[in-house]
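Close look at the chain arrangement
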Amino acid sequence: MHGALRPASGLARIAETPPVMKASQFFISTLKEAPADAEVVSHKLMMRAGLVKKLGAGIYTYMPMGLRVIRKVEAIVREEMNRAGAVELSMPVIQPAELWQETGRFEKMGPELLRIKDRHERDYVVQPTSEEVVTDIARQEIRSYKQLPKNFYQIQTKFRDERRPRFGLMRGREFTMKDAYSFDRDQDSAKASYQVMAQAYRKIFDRFGLTYRAVAADSGAIGGDLSEEFQVIAATGEDAIVYCPGSDYAANMEKAQALEPQAPRAAAAQALTKTPTPGKSTCADVAELLAVPLQTTVKSLVLATDTRNEAGEVVKTQVWLLLLRGDHDMNEVKVGKLPGLADFRFATVPEIEEHFGSKPGYLGPIGLKKPLKIVADRDVAVMADWICGANEADFHITGVNWARDLPEPDLVADIRNVVAGDASPDGQGVLAIERGIEVGHVFYLGTKYSQAMGATFLDVNGKPQFLEMGCYGIGITRLPAAAIEQNHDERGIIWPDAIAPFTLVLCPIGMDRSEEVKAAAHALYQEFLAAGVDVLLDDRGERPGAMFADWELIGVPHRLVISDRGLKEGQLEYQHRRDTEATKLAVADVVASIRGRLAA
Ligand code: ATP
Ligand code: MG
């Protein structure tokens, strides 16, 4: 088991046992400056600390120091997956296109899917994920309900030809993912398997020693709440996470619901007035010019949906006008779920001019040239005396009121992103927003893949049924990057114990000059090894300043300095990477003392 200690035997006495991890035998390569293309702190620090080395865009070598972190992440994941009853296998990285054609993803996935040909001109893909292969295994191997439930997982190389590979391991093209796939006999059992994984993920993320949140995510067409993302909290995260400080409500921005406004629509008080707003094409500019709150403005977004015939030609285009309060943003996932809007796109400028008779920037729902469908956000539907574009360049209309000045909208719906201060959907207070990095995802799939690929089993009555599935990913190589975004300072990385490349570094000072220091360093090194501590002895003979700078950059959490002066007093200097100064520890019980400080 990880963390299990080897017995502290008399091993420490055998001074000449070849030490396993001395810095001189390992590979340490730190840089003063990060390469110019490293934009975020984790990428910079990973490069400077010599954890990874770039080979091409989004393609990195995991250098020895970085690989130790990745192996620790893998070990935690593997152990908890095994505990949760999942079984490990390893599927090919290169997969025949035929399987991907069965689900339609060979065509549908677009350029993120790397397609290659072999010498016979046969098509293959480099796995970006493995639903097809695992479902193919299941349809061949799982015949009876008696073999269910099953959960297969692998920790494997993935390739996604990301449009913008960036931030080092954070969004690579080649990366390592743990992907698991559950198979069940019915929905109830599949949901139970999902819950087992959701719980296992909590254990995994607890063990990493990072601050994280499990947030409800959008589960696509499949209803229910059976999709959660595991987000490592970091100010630099790509994702906005919505949560309620007073309860356990948490969701990602795509999913978080904006409640229906409590107050009814007020009565109209102002007259409809066309107002000059020269050059003011945004709600913010108009509000400033007219000296009114941004919340009194309404922005117009124009979408279009195309109906195609069997040959794929567009036979009809419907244009939609979406109305949002000036301070709100459209939520594309919510919009995509409205009737008729599943495959929406933004309207073209000619389409806009055809319907509004105006260029974008001054659009509104009054005085349209050609009818279209109007969808109002729930907050807009209760507004009175609002401001929108006049469908004429350099003009807006103020004092607009539903029913009096224009018909009620065709549809009123939640189509916006929530903002901090909105009421929490669980009624427990108001929402707050923070940023996170998605490192894990659990997802109930239903029979999407088993139906597409004809993966059935025989139920208790001997009748064939489609397998119920779930899929569960962890970004193994994204995790260290997320950990660094969350835990660093101006000197470098600060690893949590569980995933540090080394837990403890021994820094002897003047080892070449002092026999005492040398002997003590080696003896301590052996003792820590025997105590099961992941220790490294820095025997490179670097000057103290350079040596400390290296380990602070690399981020080893615990450091012991062994010096002549200290030894004369029977003491060593201990410093945690987060401590501002060192603590003196007695040589005699230093091993026990350090072990007491290590995270369980
Ligand atoms: P993202 O929204 O970040 O692109 P995704 O939704 O495409 O992620 P999944 O398909 O759910 O990701 O993959 C499972 C996990 O793999 C993600 O939670 C993430 O941690 C990791 N991952 C996905 N894409 C990359 C990448 N390009 N580089 C590194 N890790 C990745
Ligand atoms: Mg992606």
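All values derive from a computational prediction rather than experimental measurement. The numbers attached to residues start from 1 for each chain and follow its sequence in the written order. Chains carry letters and ligands carry numbers; both start at the beginning, A for chains and 1 for ligands, and go up in the order they are written. Only residues with pLDDT of 70 or above have their local features reported here, since the model is predicted, and side-chain atom pairs are shown and tallied only from 80 upward, although totals for entire chains, interfaces and linings are computed over all residues. Remark: hydrogens and water are excluded; side-chain values derive from all non-hydrogen atoms of the structure.

Numbering of helices and strands runs from the N terminus, with a helix taken as a DSSP run of H or I at least four residues long and a strand as a DSSP run of E at least two residues long. The number of helices and strands found in the protein chain is 16 helices and 31 strands. When the backbone C-alpha atoms are referred to their principal axes, the protein chain occupies close to 95 × 70 × 50 Å. Each residue gets one of three labels from its accessible area relative to the maximum for its type: buried under 20%, exposed over 50%, partly exposed in between, using a 1.4 Å probe on protein chains only. Evaluated residue by residue, the protein chain yields a buried proportion of 51% over its 600 residues. Contacts: residue pairs with any heavy atoms within 4.5 Å of one another. Considering only intrachain contacts with a sequence separation of at least 6, the fraction spanning at least 24 residues in the protein chain is 69%. By element, 52% of the accessible surface of the protein chain is carried by carbon and sulfur atoms, the whole surface being about 27,600 Å². Per-residue and other accessible areas were derived by the Shrake-Rupley procedure at a 1.4 Å probe size, with only the shown protein chains allowed to occlude residues.

Where helix H2 (residues 64–83) contacts helix H6 (residues 187–208), the axes come no closer than 10 Å and their chain directions differ by 150°. By the angle class used here, H2 and H6 are roughly antiparallel. Read as a crossing pair, H2 and H6 show a hand that is right-handed. Mapping the contact onto sequence places Val 73, Ile 76, Val 77, Glu 79, Glu 80, Met 81 and Arg 83 in H2 and Met 197, Ala 200, Lys 203, Ile 204, Arg 207 and Phe 208 in H6. Throughout, the ten residues Ala, Val, Leu, Ile, Met, Phe, Trp, Tyr, Cys and Pro are labelled nonpolar, Asp, Glu, Lys and Arg are labelled charged, and all others, Gly among them, are labelled polar. Here the contact of H2 with H6 is composed, by residue class, of eight nonpolar, no polar and five charged. The angle between two axes is taken between their N-to-C directions and runs from 0 to 180 degrees, where each axis is a line fitted to C-alpha atoms and a helix contributes only its stretch in contact. These descriptions rest on fixed angle ranges, namely under 35 degrees for roughly parallel, over 145 for roughly antiparallel, 65 to 115 for roughly perpendicular, and the rest for oblique. Each crossing is labelled by how the near helix is turned from the far one, with a counterclockwise turn of less than a right angle marking it left-handed and a clockwise turn marking it right-handed.

Further remarks concern the packing of helix H1 (residues 41–48) against helix H12 (residues 478–486). Orientation of H1 relative to H12, taken along the N-to-C sense of each, is 110°, at an axis distance of 8 Å. Considered as vectors, H1 and H12 are oriented roughly perpendicular to each other. Along its contact with H1, which presents Val 41, Ser 42, Leu 45 and Met 46, the element H12 presents Pro 480, Ala 481, Ile 484 and Glu 485.

The next point concerns the site of ligand 1. The cutoff for a nearby residue is simple: one of its non-hydrogen atoms must lie within 4 Å of the molecule or strand. As a matter of local geometry, ligand 1 sits amid 14 residues, with Arg 160, Glu 162, Arg 171, Gly 172 and Glu 438 nearest to it. Polar contacts here mean pairs of N or O atoms no more than 3.5 Å apart (in protein, one a potential hydrogen donor and the other a potential acceptor; neighbouring residues in sequence count only if both atoms are side-chain atoms). At 3.3 Å from an oxygen atom of ligand 1 is found a side-chain nitrogen or oxygen belonging to His 441. About the coverage of ligand 1: the protein hides 80% of its 580 Å² of free accessible area. At the level of elements, strand E8 (174–184) and strand E21 (432–446) are the ones that each hand at least two residues to the shell around ligand 1. A per-element tally of the shell around ligand 1 places E21 first, with four residues. Residues belonging to the shell around ligand 1 are distributed by class as follows: five nonpolar, four polar and five charged.

Turning next to the pairing of strand E14 (residues 298–308). Between any two strands, at least two bridges found by DSSP are needed for them to pair. As paired strands, E14 and strand E15 (residues 314–325) are joined by eleven bridges and run antiparallel to one another. Paired with Val 298 across the two strands is Arg 325, which belongs to E15. The turn linking E14 back onto E15 is made up of five residues, and Gly 312 within it adopts a positive phi angle of 85°. Pairing of E14 with strand E16 (residues 345–346) involves two bridges; the strand directions are antiparallel. From the neighbouring strand, Ala 304 faces E16, where its bridge partner is Arg 345.

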